[in-house]
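# Coordinate inspection notes
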Protein chains: 2
Amino acid sequence: MQRLAIGIDIGGQSSKCGVVTEDGTILCQSVVTSLIDSFDEYLELLAGTVKDLVRKTADRGVAVGIGIGAPNANRLDGTIRYAPNLRWARGADGKPGIVHLADRLKKATGLHVRITNDANAAARGERTYGVARGINDFIMITLGTGVGSGIISHGRLVYGHDGFAGELGHVCVVPGGGGRQCNCGLRGCLETYASATGVAYSAREILGMDPRDSLLRRLDPLKISSKDVYDAAVKGDVIAKDIFAFTGRILGRALADFVKFSSPQAIVLFGGLTKSREFFHDEMVKAMNDNLMQIWKGQIQILYSSLKESDAAILGASSMVWSPDEV
Amino acid sequence: MQRLAIGIDIGGQSSKCGVVTEDGTILCQSVVTSLIDSFDEYLELLAGTVKDLVRKTADRGVAVGIGIGAPNANRLDGTIRYAPNLRWARGADGKPGIVHLADRLKKATGLHVRITNDANAAARGERTYGVARGINDFIMITLGTGVGSGIISHGRLVYGHDGFAGELGHVCVVPGGGGRQCNCGLRGCLETYASATGVAYSAREILGMDPRDSLLRRLDPLKISSKDVYDAAVKGDVIAKDIFAFTGRILGRALADFVKFSSPQAIVLFGGLTKSREFFHDEMVKAMNDNLMQIWKGQIQILYSSLKESDAAILGASSMVWSPDEV
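The structure contained in this document is the topic of the report that follows. For clarity, every value in this text was computed on a predicted model and none was experimentally measured.

### Side note on the side chain of A:D311
Residues and elements named next belong to chain A. Structurally, D311 can be placed in helix α8 (residues 309-322). We note that D311 is buried and unpaired, the nearest opposite charge coming from K308 at a distance of 4.2 Å. Look past the residues within four positions of D311 in its chain and what remains in contact with it is I26 and Q29.

Right, dumping it as structure tokens:
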């Protein structure tokens, strides 16, 4: 019987579980809600789903472990710490707290559990099954509601002394207090500019300053989403295109500073915002190269994830079961 | 007979060579000038010095290899690339070029040669013999004429895909084009603020804007050095103290962003500017913590090198002979 791994991708809205073979085939999947206030209830739901999946695939192989990618997940101690977007991960005071996800799910299922943050899981997925196969040094940037990152150096994920390395979404891109307020408590974080939320914010800001007409003016400014900006840009709207160009410049400048840290062969971009890449790619690459020293100008590849978004996280999380300590 | 290593620290002004035992004792040292225009002549001088040192210590042990720390040195191919401050490392056009230092010195001495950049060598020195012993995740920042860095992750130096990782002196701290011009061609680099040269620049800038009296006004503004600012601060000069406080704030903010990358247990500071630390330490630590997320506030140690400055680089460079691939 072949060995099978359970990969779980936990997001603020839903948790996706899949049974994966060692060669990266997802045999079956289930989705459960993450919108549950009680950790015990969430755990019961998740453990039940895992057991169902194991039963369903029992004729195909033996499940040997669970790998989880989740926001603020710590590989070293198996906890989720202070995740603002996970309802069930709160302390007694109702504020984001510490939950021992790995231990509890192990008890509930009898399977070994390894967890890592969602961007690290995505980086593992790309390296094991996606565009980063064979690349020993790259930086994964996830551009979704927020901005996450996973850093691969010498073929290994960088975890740092406490398991929390790779919070590049919170690098300051507008210093001096003039930047936007971030959920993390700081100001001027990359995440407040180069995420779906950031694009929506830029739309309101640019529409307020730029007198030109735009399709976006037909919408309630408080409800404009990055999808609206994309749709307008597709129709040729100049302001919408400017919003993405601005986003690209901020992101490209930040990428240049990341290169100075770990000198990656490639930067891999992933997540919902990459669907709009035709409108920010060129400005991003130009800003990155303009802010790099001679040795790196034109040398760093920009790659876009080749995996289906929902699959990448499940595949990456499941790969921890095969090689727990390496990428 | 015990094994001995030759450690060489190459700077723009001089090159220091030492014979080092495996337990980190420097048996003898020589210094030669780096102010030579011809690469062949510089190489002859350096090789001659190495041979002299080997002869002098022949009764104490057998020299088994050479380790070199030098600006812009690339561990992977043994070259020095585009080092603006090394006269002999220029191309036929007189501009900074590529020289094959490791290969040529190996031919001239018959010894194996390994090279790495000077900040990486200092990081190796601290981890092998200094304050970073036993620390698997730290960032070494050298605050000298310029700002260099060496990043240790999972106990290994981060080299990146091309050997040039760790150029944190050129991370942009004043974006948008308003920052100071750096030697690397970019603007707003950390190096233009948090180095000896940066402090001198800040002195001129702050003296020009702040009407208060200062001991520094007795000096020719164009000739003020960071040493002058230090001397004035020691005498209680308020402007001089403000100059260091400003430096500390810029540096601390940058350190916070470095933490978000590799989450080090400690940041180790090294180099001439650390002599003035009593005047910038508190502001630096405050700015770092103010710009860190909750998980890291108050968690990152700031350490100062415990090795004599000239020794650290020689020790770090020599340690490559014992463990070429690891720190």
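That was the structure; now back to the text.
### Notes on the packing of helix α6 (residues 238-262) of chain B against helix α7 (residues 277-290) of chain B
Residues and elements named next belong to chain B. One can describe the packing of α6 onto α7 by two numbers: an axis separation of 7 Å at closest approach and a directional angle of 35°. Crossing geometry of α6 relative to α7 is assigned as right-handed. Two secondary-structure elements touch here, α6 through K241, F244, A245, G248, R249, L251, G252, R253, L255 and A256 and α7 through F279, F280, E283, M284, A287 and M288. For the contact of α6 with α7, the class distribution of residues is 10 nonpolar, 2 polar and 4 charged.

### Topic: the sheet that holds strand β11 (residues 266-270) of chain B
Residue and element names in this part refer to chain B. Strand order in the open sheet made by the 5 strands is β10-β9-β8-β11-β12, with mixed pairing throughout. Looking at strand neighbours, the two that pair on one side only are β10 (156-157) and β12 (301-304), the edges of this open sheet. With 4 bridges connecting them, β11 and β12 associate as parallel partners. Following the sheet pairing, A266 is matched in β12 by Q301. The sheet contacts of helix α3 (residues 118-129) involve β8 (138-143), β9 (147-153), β10 and β11, and relative to β9 the element is tilted by about 50°. Sheet strands in contact with α7 are β8, β11 and β12, and its direction is about 160° off that of β12.

### A closer look at the relation of the copies chain A and chain B
Least-squares fitting of chain A to chain B yields an RMSD of 0.0 Å, with the transformation described by 0.0 Å of translation along the axis and a rotation of 180°. Both chain copies can therefore be described as sitting about a two-fold axis. Comparing interface residues between copies, 100% of those in chain A also lie at the interface in chain B; the contact surface is shared.

### Focus on the pattern of salt bridges
Close approach of charged atoms lets side chains of opposite charge pair. Residue and element names in this part refer to chain A. Tallied over the entire structure, the rule returns 24 salt bridges over all chains. Of the charged contacts in the structure, one is a salt bridge between D290 and K286, with a shortest N-O distance of 2.7 Å. With D290 and K286 both in helix α7 (residues 277-290) and 4 residues apart, the pair spans about one turn of that helix. Three or more residues are tied together by salt bridges with common partners; here these are D210, R212 and D242.

What counts and what doesn't
Residues numbered from 1 in each chain as written. Chains lettered and ligands numbered in written order. Predicted model: local features only at pLDDT ≥ 70, side-chain atom pairs only at ≥ 80, totals over all residues. Heavy atoms only, no water. Helix = DSSP H or I, 4+ residues; strand = E, 2+ residues; numbered from the N terminus. Buried < 20%, exposed > 50% of the residue type's maximum accessible area, 1.4 Å probe, protein only. Lys, Arg positive; Asp, Glu negative; His and termini not counted. Salt bridge = Lys/Arg side-chain N within 4 Å of Asp/Glu carboxyl O. Contact = heavy atoms within 4.5 Å. Axes fitted to C-alpha atoms, helices over the stretch in contact; angles between N-to-C directions. Left-handed = near helix turned anticlockwise from the far one by under 90°. Nonpolar A, V, L, I, M, F, W, Y, C, P; charged D, E, K, R; others polar. Pairing = 2+ DSSP bridges. Least-squares fit on C-alpha atoms with pLDDT ≥ 70 in both.

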